[in-house]
There are 2 protein chains.
Amino acid sequence: MNRKATALDVAKRAGVSRSAVSLVLNGRGDGNVAKESQDRIRQAAEELNYSPNAIALSLRNQRSRVIGILADEVVVSPFDGNIIGGADDVARSRGFVTVVMDTERDTARDASAIETLLDRQVDGLMYVTVGLKPIDVPHGMLRVPSVLANCYDNHAQPQLHHVIPDELTGGREATEHLLALGHRDIALLGGSEDSPAARLRVQGYRDAHAAADAPIREDRIFMAGWDIDAGYRGTMKLLDGVSPADRPTAIMCANDRLAVGVALAAARLGLSVPEDLSIMGYDDENRIADTMVPSLTTMALPLREIGRTAMTKLLDAIEGTDAGKGTTAETMVPCRLVTRESTGPAPTR
Amino acid sequence: MNRKATALDVAKRAGVSRSAVSLVLNGRGDGNVAKESQDRIRQAAEELNYSPNAIALSLRNQRSRVIGILADEVVVSPFDGNIIGGADDVARSRGFVTVVMDTERDTARDASAIETLLDRQVDGLMYVTVGLKPIDVPHGMLRVPSVLANCYDNHAQPQLHHVIPDELTGGREATEHLLALGHRDIALLGGSEDSPAARLRVQGYRDAHAAADAPIREDRIFMAGWDIDAGYRGTMKLLDGVSPADRPTAIMCANDRLAVGVALAAARLGLSVPEDLSIMGYDDENRIADTMVPSLTTMALPLREIGRTAMTKLLDAIEGTDAGKGTTAETMVPCRLVTRESTGPAPTR
DNA sequence: TTGAAAGCGATACCAT
DNA sequence: ATGGTATCGCTTTCAA
């Protein structure tokens, strides 16, 4: 708990002035400080285990090299975490540190969290949400360079760049995967109506059908929710007591937990997956999709990449590396199909 | 993007000196500054939307009011998140901010992460892991008040306080719940051998049996791993092709994902839960245990409370509020039994 | 009751 | 080539 060495300590030990220490340790020694002194300084710094006080630096430079991240709900979600993980990767590699504040879904806390971050002189801000959604951008975010990840500005004239997954294409390609396997009766457990992500995924499902000239049975579409029990109950409604000829041959789910419920129900009904029924997930949730039995074919959300991209945009803006100043206000990152065991050719009837 | 108002701006607007502003805004105005000036200062501060620069404060006070949190693996885990959530709760309520650095399981990054945090003058450090485990405490942690959450010092003479769940009692009480329901043939899917948490839970299972004079069948204990597929395969080994009289009537799992695998296998074998087979989980994982069909009886890990407790200890030490200086180096937080639908009376034979 | 000045740690400019 | 000094924003002590 002894205090850290300061530049002055190093200077004393090396028998030079603070300024010399600063110059040498920042690589501007040559041409300004004698070779000998340089060596002594470097050695002294080494011996004292010196590293500059970041607080003092921040005050001096008026740049803290800290990025504030405002999160929706990191706490209970493995999703948010991946976005933040990707963002932090990039930040760290460029010499920045991230400070995460989690509002635990209470948007009323947004403003004060941002004030706190601003008081700490963050160089930039990032707003992250668990699911794709529109947000009211807190006013404070406009005071420093900012970016939105997995959410977008609800305002008529969006002022911030946002990075979001391409859910529409994701929904379409997931459906195309099933259509390509010969399925023509594909049920959909679509999440909840109020989620933009869910709506886009459903639209993708419709688009794929339209493009393939395959009719859609509206009674096969349930906006059921997101959890295992919803998947289970939805499947029971679709399959229990229904004659094989009338059964959908595939169920597409708006997330992987729904798919778990579907698999559970299928098992209880004595149906084999994928022989009797194909199951398609969404998200590629860690430790769920890959370890299910059978493992889930799913549409992976590019969360890490969203985080990386958003942070890259942000730091480019902060550091003025921003070559493409005239880029659009939106970056869409594609989802990726992960083919595993839960989907297979449609059963012949 | 205009710069924030400083105390000097407020002073000018109110027609007083910086010192007066400082005194008034810190509640030390009375007796030092004229009532009138006080009002003018407060009004000016309001108008300029003034709040002090936390960086400057940190430098001046030699206290940053920042707590550094070093995490194992927040990114992919909903578990870690809950500990950090609890810790952050407490920190925020006491005027501190937390900075989380995630090493993504790479302990080689520990030291540099702590250096970074120390350079930022954090007032304290907390080390958080996903699963209960021994760690080599990075040297830097001894330079400021520190605490361990969900992990403990591997060293012969532990130097830091740690807060961990009482896994032994958890394992025992989970087993007692099943014994109380009349089960006498309880299989155990025990996680992986190298996890201290798993070992303690298994020991609790043994202790409960011993206390109840119930024999243990060693061939019912599998150290299988932690994932859905492990639960599925373990269950198949235990139940598939086994005559009803020879089957265990309950399966206790070292986590909830294993329990999902068990339920899946049971469904495929045509067994009803809990009528034919009781399933006991562990962790009370969010959105899994509560939404399974049937919902899982489980032993909840007190993650949030671990985070809260650890942060409270840490801040007490930092602020000298530490009345109980002579407390032990270990705090154990009890797990909590959550009774849901997946366990029931043992079937009569 | 008020204001001036020192100091927290580091950097950059400007004399020497 | 080198060291003294102002500066970042704030608090605190001391003098007026």
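Our structure's up above, just so we're on the same page.
Values in this document were obtained by computation on a predicted structure and should not be read as measured data. (Residues numbered from 1 in each chain as written. Chains lettered and ligands numbered in written order. Predicted model: local features only at pLDDT ≥ 70, side-chain atom pairs only at ≥ 80, totals over all residues. Heavy atoms only, no water.)

**Q** I'm lost on the overall build of chain A in this one. Help?
**A** What chain A contains, in helices and strands, is 11 helices and 12 strands. Radius of gyration (C-alpha) of chain A: 27 Å, far over the 20 Å computed for a compact globule of 349 residues. For chain A, the C-alpha atoms occupy an extent of roughly 90 × 40 × 35 Å along the three principal directions. Taking all 349 residues of chain A together, the buried fraction comes to 56%. Entry remark: accessible area of chain A is about 14,900 Å², with carbon and sulfur atoms responsible for 49%. For chain A, the distance from the average site of its 39 positive side-chain charges to the average site of its 48 negative ones is 7 Å. (Helix = DSSP H or I, 4+ residues; strand = E, 2+ residues; numbered from the N terminus. Rg over C-alpha atoms; globule rule 2.2 N^0.38 Å. Buried < 20%, exposed > 50% of the residue type's maximum accessible area, 1.4 Å probe, protein only. Areas by Shrake-Rupley, 256 points an atom, 1.4 Å probe, with all protein chains shown as cover. Lys, Arg positive; Asp, Glu negative; His and termini not counted. Charge placed at Lys NZ, Arg CZ, Asp CG, Glu CD.)

**Q** What is the right way to read the side chain of His 162 of chain A from this model?
**A** By the secondary structure assignment, His 162 of chain A is in strand 5 (residues 161-165). Among all residues touching His 162 of chain A, those that are not within four sequence positions of it are Leu 148, Cys 151, Tyr 152, Ala 329, Glu 330 and Thr 331 of chain A. (Contact = heavy atoms within 4.5 Å.)

**Q** How do you make sense of the relation of the copies chain A and chain B when you look at a structure like this?
**A** For the pair of chain copies, the relating transformation is a rotation about an axis with a translation along it. You can overlay chain A on chain B at an RMSD of 0.1 Å; the transform is a turn of 180° with a shift of 0.0 Å along its axis. This pairing of chains is accounted for by a two-fold axis. A symmetric contact is evident, with 100% of the interface residues of chain A recurring at the interface of chain B. (Least-squares fit on C-alpha atoms with pLDDT ≥ 70 in both.)

**Q** Looking at this model, I keep getting lost on the protein's contact with DNA strand D. Mind explaining?
**A** Taken together, 25 residues lie around DNA strand D, and Ser 19, Gly 31 and Ala 34 of chain A together with Ala 7 and Arg 60 of chain B are the ones closest in. By atom count, sugar and phosphate contribute 63% of the portion of DNA strand D lying within 4 Å of the protein. In this structure, Gly 31 of chain A approaches DNA strand D through a main-chain N or O atom, which is 2.6 Å from a phosphate oxygen. Between a phosphate oxygen of DNA strand D and a side-chain N or O atom of Gln 62 of chain A, the distance comes to 3.3 Å. Of all the secondary structure elements, the ones that give two or more residues to the surface near DNA strand D are helix 2 (18-25) and helix 4 (54-61) of chain A together with helix 2 (18-25) and helix 4 (54-61) of chain B. (Near = heavy atom within 4 Å. Polar contact = N/O pair within 3.5 Å; in protein donor to acceptor, adjacent residues only side chain to side chain.)

**Q** What am I meant to see in the protein's contact with DNA strand C here?
**A** Around DNA strand C, 24 residues are found, and the nearest of them are Ala 7 and Arg 60 of chain A together with Asn 32, Ala 34 and Arg 60 of chain B. For DNA strand C, the fraction of atoms within 4 Å of the protein that belong to sugar or phosphate moieties is 67%. For DNA strand C, a phosphate oxygen lies 2.5 Å from a polar atom in the backbone of Ala 7 of chain A. One nitrogen or oxygen atom from the main chain of Ala 56 of chain A is found 3.4 Å from a base nitrogen belonging to DNA strand C. Secondary structure elements with two or more residues in the surface near DNA strand C: helix 2 and helix 4 of chain A together with helix 4 of chain B. Its residues placed into classes, the surface near DNA strand C shows nine nonpolar, 11 polar and four charged. (Nonpolar A, V, L, I, M, F, W, Y, C, P; charged D, E, K, R; others polar.)

**Q** For this particular structure, what's the right way to read the packing of aromatic side chains?
**A** Here the distance between the centres and the angle between the planes together describe a pair of aromatic rings. Residues and elements named next belong to chain B. Tallied over the full model, the rule gives zero aromatic pairs over all chains. One cation-aromatic arrangement involves Arg 65 over Phe 96; the distance from NZ or CZ to the ring centre is 4.3 Å. Here the basic side chain of Lys 237 rests over the ring of Phe 222, its NZ or CZ set 5.4 Å away from the ring centre. (Phe/Tyr/Trp six-rings, centres within 6.5 Å; stacked < 30°, edge-to-face > 60°. Lys NZ or Arg CZ within 6 Å of the ring centre and 35° of its normal.)

**Q** Honestly, the interface of chain A and chain B in this entry has me stumped. Any pointers?
**A** Note: interface size is frequently given as the accessible area lost on complex formation between the parts. The interface is formed by 59 residues belonging to chain A together with 59 residues belonging to chain B. Buried surface at the junction of chain A and chain B, both sides included, amounts to about 5,600 Å², of which 56% is carbon and sulfur. A per-residue breakdown of the area chain A buries against chain B is headed by Ile 55, Arg 120 and Arg 287 of chain A, which together make up 13% of the total. Linking chain A to chain B there are six salt bridges. Between Arg 304 of chain A and Glu 104 of chain B there is a salt bridge, and its shortest N-O distance comes to 3.0 Å. Across the chain A-chain B interface, the total number found is 14 residue pairs in polar contact (both at pLDDT 80 or more). (Buried area = accessible area lost by both parts, 1.4 Å probe. Salt bridge = Lys/Arg side-chain N within 4 Å of Asp/Glu carboxyl O.)

**Q** It is not clear to me how the pairing of strand 11 (residues 330-333) of chain B should be interpreted in this structure. Could you clarify?
**A** Each regular strand displays side chains that alternate between the two surfaces of the sheet. Residues and elements named next belong to chain B. The two faces of strand 11 differ: Thr 331 and Val 333 on one face are buried, but Glu 330 and Met 332 on the other face are not. Summarising the sheet, strand 5 (residues 161-165) and strand 11 pair through four bridges and their orientation is parallel. Counterpart to Pro 165 in the pairing with strand 11 is Val 333. (Pairing = 2+ DSSP bridges.)

**Q** What am I meant to see in the sheet that holds strand 5 of chain A here?
**A** Strand pairs in the sheet, formed through backbone hydrogen bonds, run parallel or antiparallel to each other. Residue and element names in this part refer to chain A. Reading across the sheet, the six strands line up as 2-1-3-4-5-11 and stay open at both edges, with parallel pairing between neighbours. Two strands bound the open sheet, and with one partner strand each, they are strand 2 (97-102) and strand 11 (330-333). Across the sheet, the axes of successive neighbouring strands diverge by a mean angle of 20°, strand direction being ignored. Sheet topology places strand 3 (residues 124-135) next to strand 4 (residues 146-153); seven bridges connect them, and they run parallel. Paired with Ile 135 across the strands is Asp 153, a residue of strand 4. Here helix 11 (residues 303-319) sits on the sheet and contacts strand 1 (66-71), strand 2, strand 3, strand 4, strand 5 and strand 11; the angle it forms with strand 3, its principal contact strand, is near 145°. (Axes fitted to C-alpha atoms, helices over the stretch in contact; angles between N-to-C directions.)

**Q** Before we go on, may I ask you to explain the packing of helix 1 (residues 7-14) of chain B against helix 3 (residues 35-48) of chain B in this structure?
**A** Axis angle and axis distance: for two packed helices, these are the angle between their axes and the distance between the axes, and together they describe the pair. Residues and elements named next belong to chain B. Packing of helix 1 against helix 3 brings their axes to within 8 Å, and their N-to-C directions diverge by 125°. Viewed along their axes, helix 1 and helix 3 adopt a mutual orientation that is oblique. When the axes of helix 1 and helix 3 are compared, the crossing they make is right-handed. When helix 1 is examined against helix 3, the residues Asp 9, Val 10, Arg 13 and Ala 14 are found in contact with a partner set consisting of Arg 40, Ile 41, Ala 44, Ala 45, Glu 47 and Leu 48. Considered class by class, the residues forming the contact of helix 1 with helix 3 number six nonpolar, no polar and four charged. (Parallel < 35°, antiparallel > 145°, perpendicular 65-115°, else oblique. Left-handed = near helix turned anticlockwise from the far one by under 90°.)

**Q** Which parts of the structure should I look at to understand the pattern of salt bridges?
**A** Should the charged atoms of two oppositely charged side chains come close, the side chains can pair. If you walk through the whole model with that rule in mind, you get 45 salt bridges over all chains. A salt bridge links Arg 105 of chain B to Glu 73 of chain B, with the nearest nitrogen and oxygen atoms 3.2 Å apart. With Arg 105 of chain B in the loop between strand 2 (97-102) and helix 6 (110-119) and Glu 73 of chain B in the loop between strand 1 (66-71) and helix 5 (78-93), this pair connects stretches of sequence that are 32 residues apart. Of the residues examined, Arg 105 of chain B reaches a relative accessible area of 57% and is grouped as exposed. Classification of Glu 73 of chain B by relative accessible area gives buried; the value is 7%. With its nearest N and O atoms 3.1 Å apart, the salt bridge here joins Asp 284 of chain B to Arg 340 of chain B. Taken as a pair, Asp 284 of chain B in the loop between strand 9 (278-280) and strand 10 (298-300) and Arg 340 of chain B in the segment after strand 12 (336-338) lie far apart in primary sequence, 56 residues in all. Residues joined by salt bridges that share partners form a network here, namely Asp 89, Arg 92, Arg 304 and Arg 308 of chain A together with Glu 104 of chain B.

**Q** Would you mind going over empty space enclosed by the protein with me for this structure?
**A** It is a probe the size of a water molecule, rolled over the atoms, that shows where empty space is left. In this structure the tally under the stated criterion is four cavities of 30 Å³ or more. Considering the residues around the second largest cavity, the lining is formed by 20 residues, among which Val 66 and Arg 120 of chain A together with Val 66, Val 99 and Arg 120 of chain B are closest to the centre. Going through the elements one at a time, helix 4 and strand 2 of chain A together with helix 4 and strand 2 of chain B are the ones with two or more residues in the lining of the second largest cavity. Within the lining of the second largest cavity, the residues separate by chemical class into 14 nonpolar, four polar and two charged. (1 Å grid on protein atoms, 1.4 Å probe; cavity = no way out; pocket = protein on both sides within 12 Å on 5 of 7 lines; lining within 4 Å. Points joined across faces, edges and corners; volume = space filled by probe spheres on them.)

**Q** How should I be thinking about the sheet that holds strand 4 (residues 146-153) of chain B in this particular structure?
**A** Residues and elements named next belong to chain B. With parallel pairing, six strands are arranged side by side in an open sheet as 2-1-3-4-5-11. The strands lining the two open edges of the sheet, one partner per strand, are strand 2 and strand 11. Averaged over all adjacent pairs, the angle separating strand axes in this sheet is 20°, with direction ignored.

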